[in-house]
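Structure at a glance
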Amino acid sequence: MALVELLGPTVVHGDDKKSVDVSSLSGEGKAIGIYFSAHWCGPCRSFTPRLADFYKKMKSGQKGAKLELVFVSSDRDEKSFDEYFKEMPWHALPYDQRDKKSQLSSKYKVRGIPTLVFVDGQTGRLLTADGRSFVQSDPSGEEFPWHDKTFLEVIPGKVTGKGDEELDFEKDLKGKILGVYFSAHWCPPCRSFTPQLVEFYKTKQKTDPDFDIIFASSDRDDEAFKEYFSEMPWKAIPFGDKRKEQLSKLYGVSGIPTLVWVDKDGKTITTNGRACVSDDPEGKDFPWYPKPVNELSGSQAAIINDAPCLIYFTKEDDASVDKAKNALKSKAQELYDAAKSKGEDEQKLYFFYAKSNEDIIESLTEFASLSTDFPQLVILDVPSGSKYVSDSKEPDDTAVKSFVDDYLAEKLKKTSIR
């Protein structure tokens with residue numbers, strides 16, 4: 001079951017920490033809250049009573065059966081966990097499940113606490129990573145179970161074209177492949193990337209006009225917005241429009257420039273569009289649907305920072321690169337298809353091959369304290385600070401399959417990245 005795969009077979013409940021089967025929490029129409037918090041954290045101790053009030057009111061009402069919560073502790077020791085958990089009327093991940101805690105933090109990109117994530121009780125699919133805001137804005141749970149709005153729920157409305165032309169999304173842009181460009185006039189990396197994007201746009205529009213870009217501005221005032229937008233040949237959300245913040249939240253934008261591509265149905269193709277344009281300025285692989293196996297380059301480094309990645313470090317000659325690709329292909333396709341079949345945007349593991357003559361390799365091996373005796377097969381989980389190194393000297397598809405299966409089954413020896 002999806003929830004068991006996510007949380008493990010059991011959680012605990014009550015002062016005696018009675019074991020509860022996770023399968024008993026799942027169900028159609030239910031929303032499972034995963035609460036990342038800690039006893040030592042001031043904001044957590046402020047929010048927890050508020051969450052407890054919400055939980056008790058919900059459980060005593062008509063929607064009570066739809067809600068479950070699971071505490072995932074960042075406490076520094078089990079005594080602190082026990083003391084804090086006594087204040088909570090819900091379940092908890094057992095404190096000794098530190099690896100599972102790290103996996104959950106990595107999966108949901110938890111950068112600070114308190115964080116409250118909600119997932120679908122049947123499928124495990126993410127409903128929202130910002131449950132804290134929903135508790136604060138809807139304390140009576142009238143709109144529960146909550147979920148983040150989709151792109152096509154957020155974006156309808158007026159957009160601005162060239163010469164301040166007023167356009168309507170439904171009439172003028174719906175049904176196209178779209179880039180959402182988060183940028184600002186004051187941002188030097190943005191002003192460096194924008195000319196690249198303009199060149200790509202103008203060139204690609206000549207052969208493939210069935211796409212467009214929408215500028216989502218982080219400029220500080222309308223004058224700066226207008227000056228910057230005058231350099232752009234595409235469309236824009238009007239300055240100060242609330243949809244910009246909604247889209248930033250939807251795609252987890254934490255820095256600019258960020259370029260997100262969505263398909264004709266509004267589904268995310270990639271949130272790493274900036275790297276796509278930089279690596280493929282002519283758009284030969286546009287619109288850059290994810291591939292099961294990718295070459296590791298400097299522009300792909302953002303993925304390594306955000307998710308577990310398997311990297312096949314190989315020598316630079318063609319035969320070695322082909323061997324790496326063939327070794328990765330089958331298992332990478334399996335995980336890619338599994339994520340796609342579940343409608344998930346993210347995979348459990350991303351697959352890369354890395355040639356020894358690429359500039360990024362030296363910095364990456366130094367950062368993760370890795371040997372440069374290639375070929376080498378490694379899984380890096382930067383969000384949890386962990387690495388797993390295969391002992392295979394000449395990794396083939398069998399070695400890759402065994403390595404990945406053992407990683408997913410949590411059988412591999414974990415060491416610290418640094």
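The structure this text deals with has already been given above.
Reference entry: report on the structure contained in this document.

Cut-off values and rules
- Residues numbered from 1 in each chain as written.
- Predicted model: local features only at pLDDT ≥ 70, side-chain atom pairs only at ≥ 80, totals over all residues.
- Heavy atoms only, no water.
- Helix = DSSP H or I, 4+ residues; strand = E, 2+ residues; numbered from the N terminus.
- Buried < 20%, exposed > 50% of the residue type's maximum accessible area, 1.4 Å probe, protein only.
- Right-handed = clockwise from strand over helix to strand, strands pointing away.
- Pairing = 2+ DSSP bridges.
- Expected span 1.5 Å × (residues − 1).
- Bend = angle between axes of the 7 residues up to and from the residue.
- Contact = heavy atoms within 4.5 Å.
- Core = buried A, V, L, I, M, F, W, Y, C linked by side-chain atoms within 4.5 Å.
- Axes fitted to C-alpha atoms, helices over the stretch in contact; angles between N-to-C directions.
- Left-handed = near helix turned anticlockwise from the far one by under 90°.
- Nonpolar A, V, L, I, M, F, W, Y, C, P; charged D, E, K, R; others polar.
- Disulfide = S-S within 2.5 Å.

Considering the arrangement of structural elements, one finds Ser183 in strand S10 (residues 177-183). Accessibility expressed as a relative area gives 0% for Ser183, which makes it buried.

So, about the pairing of strand S16 (residues 309-314). Counted residue by residue, S16 has six buried out of six residues, so it is predominantly covered. Taking every second residue as pointing to the same face, both faces of S16 are buried, with Cys309, Ile311 and Phe313 on one and Leu310, Tyr312 and Thr314 on the other. Following the chain from S16 across helix H13 (residues 318-341) to the adjacent parallel strand S17 (residues 350-355), one finds a crossover that is right-handed. Pairing of S16 with strand S18 (residues 376-381), which is carried by five bridges, proceeds in the antiparallel orientation. Bridge assignment links Leu310 to a residue of S18, and that residue is Ile379.

Here H13 contains 24 residues, and its C-alpha end-to-end distance of 33 Å stays within 8% of the 34 Å for a straight helix at 1.5 Å per residue. Largest kink in H13: about 40°, centred on Lys329. If you check which residues of H13 are buried, you get Ser320, Val321, Ala324, Ala327, Leu328, Lys331, Ala332, Leu335, Tyr336 and Ala339. Buried-residue contacts for H13 involve strand S15 (293-295), S16, S17, S18 and helix H15 (397-408). Two residues or fewer past H13, Gly343 is found with a positive phi of approximately 70°.

Turning to the pairing of strand S3 (residues 31-37), a few remarks are in order. Judged by how many residues are buried, S3 sits mostly within the fold: seven of seven residues are covered. Burial along S3 is two-sided: Ala31, Gly33, Tyr35 and Ser37 and Ile32, Ile34 and Phe36, pointing in opposite directions, are all buried. Examined bridge by bridge, S3 and strand S4 (residues 67-73) share seven bridges and lie parallel to one another. What sits directly across from Ile32, in S4, is Glu68. In this view, the connection linking S3 to its parallel neighbour S4 by way of helix H2 (residues 42-59) has right-handed handedness.

Once that is clear, we can look at the nonpolar core. Formed by 29 residues in total, the largest nonpolar core has its most connected members in Tyr35, Leu51, Phe71, Trp90 and Phe118. Where this core is concerned, the elements lending two or more residues are S3, H2, S4, helix H3 (78-85), strand S6 (115-120) and helix H5 (131-137). Looking at this core element by element, the count peaks at seven residues for H2. Contact partners of Phe118, with chain neighbours within four places excluded, come to Ala31, Ile32, Gly33, Leu67, Leu69, Arg125, Leu126, Leu127, Thr128, Gly131, Phe144 and Trp146. Judged by nonpolar contacts, the second largest core, of 26 residues, contains Cys190, Phe200, Phe211 and Trp288.

Turning to the packing of H13 against H15, a few remarks are in order. For the pair H13 and H15, the least separation of the axes is 7 Å and the interaxial angle reads 35°. Every pair of crossing elements has a handedness; the one defined by H13 and H15 is right-handed. Contact residues: Asn326, Ala327, Leu328, Lys331 and Leu335 in H13; Asp397, Val400, Lys401, Val404, Asp405 and Leu408 in H15. Looking at the contact of H13 with H15 residue by residue, the classes come out as six nonpolar, one polar and four charged.

We now examine the state of the cysteines. Throughout this description, disulfide means a covalent bond between two cysteine sulfur atoms. Tallying each qualifying case throughout the model produces zero disulfides. Here Cys276 is not cross-linked by a disulfide; its sulfur's nearest cysteine counterpart is in Cys309, at 15 Å.

Strand order in the open sheet made by the six strands is S15-S17-S16-S18-S19-S20, with mixed pairing throughout. Looking at strand neighbours, the two that pair on one side only are S15 and strand S20 (415-416), the edges of this open sheet. Sheet strands in contact with H13 are S15, S16, S17 and S18, and its direction is about 175° off that of S17.

It is worth spelling out the sheet that holds strand S7 (residues 126-128) at this point. Reading across from one edge, S2-S1-S5-S4-S3-S6-S7 is the order of the seven strands in this open sheet, with mixed pairing throughout. Because the sheet does not close on itself, it has two edges, and the strands there are strand S2 (18-21) and S7. As judged from the two bridges shared by S6 and S7, these two strands associate in the antiparallel manner. Considered in S7, the bridge of Phe118 is made with Thr128.

Moving on to unusual backbone geometry. With an omega of 0°, the peptide bond running from Phe144 to Pro145 counts as cis. Mapped onto the fold, Pro145 is located in the loop between H5 and helix H6 (151-154). Backbone torsion omega between Phe374 and Pro375 reads 10°, so that peptide bond is classified as cis. Positionally, Pro375 belongs in the loop between helix H14 (359-367) and S18. Positive phi is not limited to glycine here, since Asp164 has a value of about 60°. For Asp164, the position within the fold is in the loop between strand S8 (158-160) and strand S9 (166-168). Under the relative-accessibility criterion, Asp164 is labelled exposed at 60%. Of note, Ser369 is a non-glycine position whose phi angle comes to about 55°, a positive value. Mapping Ser369 onto the fold places it in the loop between H14 and S18.

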